[in-house]
Amino acid sequence: MSFIPAKKSAYVLSLMMMFCYSFKVFANEPAAAQVTGSENNAATIAPAVPAAPLTTPQTPEAPAPALPDATPPATPDAQPAAPAVAVTTLPLTHATAEPEPEPVKEPAAEVAPEPEKVAFSLNSEEQKRAYASGVAMAKYIEAQIVEQKALHITLDKDILLAGITDTFNQREKMSPQDVQATLTAFDEQVKILTQAATAKEQGAEKAFIEEFAKRPGVKKTAKGLYYLVENKGEGAGIKDTNQVEVTYKGELLDGTMVDGPQIENANQIFRVADMPPVLRDAVKLVRKGGKVTIVIPPAAVGKNSEDVKPKSVVIYTVSVVNVNNPH
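Remember, predicted model here, so these are calculated numbers, not experimental data.

J.: Any chance you could explain the overall build of the protein chain here in plain terms?
T.: Looking only at helices and strands, the protein chain features five helices and nine strands. Out of the 327 residues belonging to the protein chain, those deemed buried represent 18%. Sequence separation of at least 24 residues holds for 69% of the intrachain contacts in the protein chain that already meet a minimum separation of 6. A total of about 25,400 Å² of accessible surface is found on the protein chain, and carbon and sulfur atoms cover 58% of it.

If you want it as structure tokens, here you go:
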């Protein structure tokens, strides 16, 4: 064991007294965690850890005097020291949730301004011609829409009118190539659907004619028409020179009216010689008060006939109300 010189011993004793006093004060304060550093450093919360007591080696020549107690006397209200806190390291930079990206707003669809309404009074031939042309065009388009609807094809009228308006205003939303390609594909679709619908219709018509031909009393004319006299009537036979009052109607298999008086169930007066061929042949089969049903297949009318060849089976029902002889 070495001896500490007297000067150095006094110096060491002074340092020990200062250290012990600082330790006593520190031990009586509550343990607190301090967070230090910057955004890139970590903060450490450290508890107050009691330091190991320091002792000065004893020498026989210079014994170390007892150090005065630097701890202030305890008071009755003095609080016990806070318990030690476990060492925990927390990141200084708090993790923050990344902001959710704002939804990308799609550009609003361009809405074409409504065309200005043109004031007109139809008091000139020029205005009448323009308006009549518009009516004819609309009627044609309407008929096409009805036909296509039967094929389960639907055209939106608003979009159709928008296409007409945009074309007149030279602001079409489709290129000429796209228009042509779309219409070509559309025509092909209509053609295929029409063929399928025609085949189905012809099958139904064939079945109807076969069933009608088997009814009792049904006969077939030289032209291929099928007829059934439901009531022969009374009186003399009808000639071309007679004038007849009749009710009649021509219908398709689905009940669509294709021929008849303008006023439903109204009587029509004809000179027999001036009647359409189908009606003329029909009234000659009965008498006054008679009724006859005629079924006309599409293939029943010859090329040289005066009759207009129908595209579908037409069913005529003719009743003779009165017969007059010309004076």
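We are not done yet, so read on.
J.: Which parts of the structure should I look at to understand the pattern of salt bridges?
T.: Pairing between side chains of opposite charge can happen when their charged atoms approach one another. Summed over all chains, the structure comprises nine salt bridges. Residue Lys291 pairs with Glu230 through a salt bridge whose shortest N-O separation is 3.9 Å. Of the two residues, Lys291 is situated in strand β8 (residues 291-296) and Glu230 in strand β4 (residues 226-231); the sequence distance between them amounts to 61 residues. We classify Lys291 as partly exposed; its relative accessible area is 33%. On the accessibility criterion, Glu230 (46% relative accessible area) is partly exposed. Each of the salt bridges in this network shares a partner with another, and the network as a whole consists of Asp166, Arg171 and Lys173.

J.: Looking at this model, I keep getting lost on the layout of surface pockets. Mind explaining?
T.: Gaps left between atoms are located by rolling a probe of water-molecule size over the structure's atoms. Volume-wise, the largest pocket comes out at about 1,200 Å³. Lining the largest pocket are 29 residues, with Ala150, Ala197, Thr198, Glu201 and Ser312 sitting closest to its centre. Broken down by secondary-structure element, the contributors of at least two residues to the lining of the largest pocket are α2 (125-150) and α4 (176-213). Among the elements that take part in the lining of the largest pocket, α4 stands out by supplying 11 residues, more than any other. Residue classes in the lining of the largest pocket are distributed as 15 nonpolar, eight polar and six charged.

J.: Would you mind going over a nonpolar patch on the surface with me for this structure?
T.: On the surface, a nonpolar cluster with roughly 350 Å² of combined accessible area is contributed by Phe120, Leu122, Tyr131 and Val135. Position of Phe120 relative to the elements: it lies in the loop between β2 (88-91) and α2.

J.: When you look at α2 in this model, what are you seeing that I'm missing?
T.: Quick reminder: α-helices carry 3.6 residues per turn. Residues three or four places apart thus point the same way. Helix length check: α2 (26 residues) gives 38 Å between terminal C-alpha atoms against 38 Å at 1.5 Å per residue, within 8%. One or two positions beyond α2, positive phi appears at His152, with a value near 65 degrees.

J.: What am I meant to see in the environment of Arg271 here?
T.: When you line up the elements, Arg271 lands in strand β7 (residues 268-271). According to the relative accessible area criterion, Arg271 is partly exposed, its value standing at 42%. For the pair Arg271 and Glu245, spaced 26 residues apart in sequence, the C-alpha to C-alpha distance is 9.0 Å. Ignoring any residue separated from it by four or fewer positions in sequence, one finds Arg271 in contact with Asp240, Asn242 and Gln243.

J.: Quick question: what am I supposed to make of the nonpolar core here?
T.: Generally speaking, nonpolar side chains in soluble globular proteins are found buried as a group. By size, the foremost hydrophobic cluster in this structure holds 21 residues, and its most contacted members are Val283, Ile294 and Tyr316. Secondary structure elements with two or more residues in this core: β5 (243-251), α5 (277-283), β8 and β9 (314-324). When sequence neighbours within four positions are dropped, the list of residues in contact with Val283 reads Ile238, Val246, Val272, Met275, Val318 and Val320.

J.: Help me out: how do you make sense of unusual backbone geometry in this one?
T.: Negative phi characterises most residues that are not glycine, and trans characterises most peptide bonds. Even without glycine at this site, Leu122 takes up a positive phi of about 55 degrees. Of note, Leu122 is situated in the loop between β2 and α2. Classification of Leu122 by relative accessible area gives partly exposed; the value is 31%. Its identity as a non-glycine residue notwithstanding, Gln170 has a phi of 55 degrees, on the positive side. Of note, Gln170 is situated in the loop between α3 (157-168) and α4.

J.: Help me understand the packing of aromatic side chains in this model?
T.: Tallied over the entire structure, the rule returns two aromatic pairs. Seen from their ring centres, Phe208 and Phe212 are 6.1 Å apart, and the 20 degrees between their planes marks the pair as stacked. Pair noted here: Phe208 and Phe212 are both in helix α4, with a separation of four residues, about one helical turn.

Thresholds, definitions, all that
- Residues numbered from 1 in each chain as written.
- Predicted model: local features only at pLDDT ≥ 70, side-chain atom pairs only at ≥ 80, totals over all residues.
- Heavy atoms only, no water.
- Helix = DSSP H or I, 4+ residues; strand = E, 2+ residues; numbered from the N terminus.
- Buried < 20%, exposed > 50% of the residue type's maximum accessible area, 1.4 Å probe, protein only.
- Contact = heavy atoms within 4.5 Å.
- Areas by Shrake-Rupley, 256 points an atom, 1.4 Å probe, with all protein chains shown as cover.
- Salt bridge = Lys/Arg side-chain N within 4 Å of Asp/Glu carboxyl O.
- 1 Å grid on protein atoms, 1.4 Å probe; cavity = no way out; pocket = protein on both sides within 12 Å on 5 of 7 lines; lining within 4 Å.
- Points joined across faces, edges and corners; volume = space filled by probe spheres on them.
- Nonpolar A, V, L, I, M, F, W, Y, C, P; charged D, E, K, R; others polar.
- Patch = residues over 30% accessible without salt bridge, like charges linked within 9 Å, V, L, I, M, F, W, Y side chains within 5 Å.
- Expected span 1.5 Å × (residues − 1).
- Core = buried A, V, L, I, M, F, W, Y, C linked by side-chain atoms within 4.5 Å.
- Phe/Tyr/Trp six-rings, centres within 6.5 Å; stacked < 30°, edge-to-face > 60°.

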